[in-house]
Amino acid sequence: MQTAPFRQLPGDQLRPAQAYWVQTEDGLRIRVAHWRAQGDPRGTVLLCPGRTEYIEKYAESADRLTAAGYEVISLDWRGQGLSARLQDDPRPGHIDSFAQYQHDLVEMVVAATELDLPRPWHLLAHSMGGCITLAGLHAGLEVSSAVFSAPMWGINLGRMPQGFAIGLAYLAGRVGRGGRAVFGKGGTYTLDESFSANLLTEDPGQWSRMLCEDAAWPDMTISGASFTWVKEALNECSRLSQLDAPNVPALVSLGSEEKVVSARAIRDRVASWPGAELLEIDGARHEVMMCLPERRAAFFDAALAHFARHSDR
């Protein structure tokens with residue numbers, strides 16, 4: 001692994017991660033990052049972000065986890081952050097097939113192995129990361145427990161029928177527009193949206209931090225999802241919904257104000273997952289790890305307790 005950059009805003013007091021470049025089996029350069037535990041390590045958390053996100057966004061979350069004694073490793077998924085982009089226009093969030101994300105997940109596991117990160121390993125995945133890692137669990141990802149934050153096991157399409165959305169995205173691909181963003185003009189959500197209307201967090205401090213990071217590091221941001229991404233994401237969610245739950249203890253958080261992913265798909269999956277627990281956080285929006293302090297604390301308290309209960313597997 002070669003050293004990669006890890007960025008911080010001026011005056012940031014959080015401990016930086018050590019970042020590395022790794023290469024996937026299909027030849028793409030992906031960025032991973034490692035935060036060391038504060039004190040004697042009690043295990044490792046594989047922290048998997050969502051769509052549009054990059055490693056630095058989770059520095060505060062990593063600080064909570066390392067303070068509790070966990071090593072943390074995270075990554076930029078292909079097509080976002082500082083990892084390789086997948087088409088000439090770097091702005092849309094794009095993927096040709098959701099199966100390709102598994103290459104990135106494998107390389108994060110390889111990096112964790114090469115860094116000799118201590119067992120037990122636990123999974124913490126947000127939004128799109130929850131979709132990718134659920135597929136990873138079915139493919140053999142070995143962790144002692146899993147915590148999901150607003151996992152993308154379905155997408156909130158409003159009143160649009162899923163079949164219509166898939167058909168529209170398919171037609172866009174047929175006419176050579178599959179890599180174009182479905183909505184927007186190539187901007188960044190935090191910079192284009194007002195705080196009052198945003199779907200991510202009700203905490204003005206967290207929103208301000210996201211905005212400052214995106215403004216400072218525009219090369220790490222992306223815009224709306226491409227037509228092909230939407231088609232592939234909806235198909236992957238449908239595929240996963242037909243599979244039995246993996247044999248991993250799971251805690252799944254859902255904010256009462258969730259508008260990005262499908263709350264119904266989350267409830268249905270938890271109901272069919274033996275031993276899974278649904279953590280409902282009243283008032284929280286999509287970014288449960290970046291909501292108001294008391295809600296954020298409730299999430300991390302529950303997640304750490306879940307990891308501790310399942311450290312002997």
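Look above for the structure.
These numbers were taken from a predicted model, which means no experiment stands behind them. The written sequence of each chain sets the order in which its residues are numbered from 1. Given that the model is predicted, a residue must reach a pLDDT of at least 70 before its local features are reported, and side-chain atom pairs must reach 80 or more before they are shown or counted; all residues, however, enter totals for whole chains, interfaces and linings. To get the side-chain values, take all heavy atoms of the structure and skip hydrogens and water.

(A) Summary view of the overall build of the protein chain. Scanning the protein chain for helices and strands turns up 9 helices and 9 strands. Taken over C-alpha atoms, the radius of gyration is set against a globule rule of 2.2 Å times the number of residues to the power 0.38. Scaling as 2.2 N^0.38, a compact globule of 313 residues should have a C-alpha radius of gyration of about 20 Å, and the protein chain matches this with 18 Å. Only protein chains enter the accessibility calculation, which uses a 1.4 Å probe. A residue is then buried if its area is under 20% of the maximum for its type, exposed if over 50%, and partly exposed in between. Counting every position in the protein chain, which comprises 313 residues, the buried fraction comes to 54%. Residue contacts are counted whenever heavy atoms from the two residues lie within 4.5 Å of one another. A separation threshold of at least 6 residues defines the contact pool for the protein chain, and within that pool the share at least 24 residues apart is 76%. For accessible areas, the Shrake-Rupley method is used with a probe of radius 1.4 Å. Any residue's cover is judged against the shown protein chains and nothing else. Carbon and sulfur atoms form 50% of the exposed surface of the protein chain, whose accessible area is close to 13300 Å². Only four residue types enter the tally: Lys and Arg on the positive side, Asp and Glu on the negative side, with His and both chain ends excluded. Note on charges: their place is set at NZ of Lys, CZ of Arg, CG of Asp or CD of Glu. Computed over 30 positive and 38 negative side-chain charges, the separation of the two mean positions in the protein chain equals 5 Å. Put simply, DSSP H or I for four residues or longer makes a helix, DSSP E for two residues or longer makes a strand, and each gets a number counted from the N terminus.

(B) Inspection of the sheet that holds strand β9 (residues 277–281) at higher detail. Only when DSSP finds a minimum of two bridges between them are two strands counted as paired. On the basis of which strands lie adjacent, the open sheet formed by 9 strands has the order β1-β2-β3-β5-β4-β6-β7-β8-β9 and mixed pairing. Strands at the two margins of the open sheet, each flanked by one partner only, are β1 (2–4) and β9. With direction set aside, neighbouring strand axes in the sheet form an average angle of 25°. Pairing analysis gives 6 bridges linking strand β2 (residues 18–23) to strand β3 (residues 29–35), with the strands arranged antiparallel. Paired with Q23 across the bridge in β3 is R29. Comment: axis = line fitted to C-alpha atoms, over the contacting stretch for helices; angle = value between 0 and 180 degrees taken between N-to-C directions.

(C) Just the layout of surface pockets, in detail. The space that makes up the largest pocket amounts to roughly 1300 Å³. Counting residues per element, the ones that place at least two in the lining of the largest pocket are α4 (162–174), α5 (189–192), α6 (204–216) and α7 (227–241). Residues are grouped as follows: Ala, Val, Leu, Ile, Met, Phe, Trp, Tyr, Cys and Pro are nonpolar; Asp, Glu, Lys and Arg are charged; all remaining types, including Gly, are polar. Looking at the lining of the largest pocket residue by residue, the classes come out as 22 nonpolar, 14 polar and 10 charged. Estimates place the volume of the second largest pocket at around 340 Å³. Cavities and pockets were defined on a 1 Å grid built from protein atoms only: a cavity is a group of points that admits a 1.4 Å probe but offers it no way out, a pocket is an open group of points flanked by protein on both sides within 12 Å along at least five of seven lines, and a lining residue is one with an atom within 4 Å of any such point. Grid points are joined across faces, edges and corners, and a volume is the space filled by probe spheres set on the points.

(D) Structural detail: the nonpolar core. To form a nonpolar core, buried Ala, Val, Leu, Ile, Met, Phe, Trp, Tyr and Cys residues must be joined to one another through side-chain atoms within 4.5 Å. Core analysis: the biggest nonpolar cluster contains 52 residues, and F98, L123, F148, M152 and W229 have the highest contact counts within it. Counting 37 residues, the second largest nonpolar core, distinct from the first, contains L65, L200, W217 and F307.

(E) The arrangement of the pattern of salt bridges in detail. Basic side-chain nitrogens of Lys or Arg form a salt bridge, by our definition, when they fall within 4 Å of a carboxyl oxygen of Asp or Glu. Evaluated as defined, the whole model comprises 17 salt bridges. Across the pair R239 and E236 runs a salt bridge, and its minimum N-O distance is 2.9 Å. You can see R239 and its partner E236 sitting in helix α7, 3 residues apart, about one turn around the helix. By relative accessible area, R239 is classed as partly exposed at 41%. For the salt bridge of R264 with D268, the shortest nitrogen-to-oxygen distance reads 3.9 Å. You can see R264 and its partner D268 sitting in helix α8 (residues 263–271), 4 residues apart, about one turn around the helix. Residue D268 is classed as partly exposed on the basis of its relative accessible area of 46%. Linked through salt bridges whose partners overlap, the residues forming this network are D26, R78 and D104.

(F) Inspection of α4 at higher detail. The first and last C-alpha atoms of α4 sit 18 Å apart over 13 residues, in line with the 18 Å expected at 1.5 Å per residue. Those residues of α4 that fall on the buried side of the exposure criterion are A165, I166, A169 and A172. In an axial view of α4, the angular spread of the buried residues amounts to 120°, which keeps them on one side of the axis. In α4, the exposed positions angled more than 90 degrees off the buried face are occupied by G163, F164, L171 and R174. Lining the buried residues of α4 we find α7. Once α4 finishes, G176 follows within two positions and takes phi at roughly 80°, a positive value. One fewer than the residue count of a helix, multiplied by 1.5 Å, yields its expected span. Arc, as used here, means the arc of the directions from the helix axis to the C-beta atoms.

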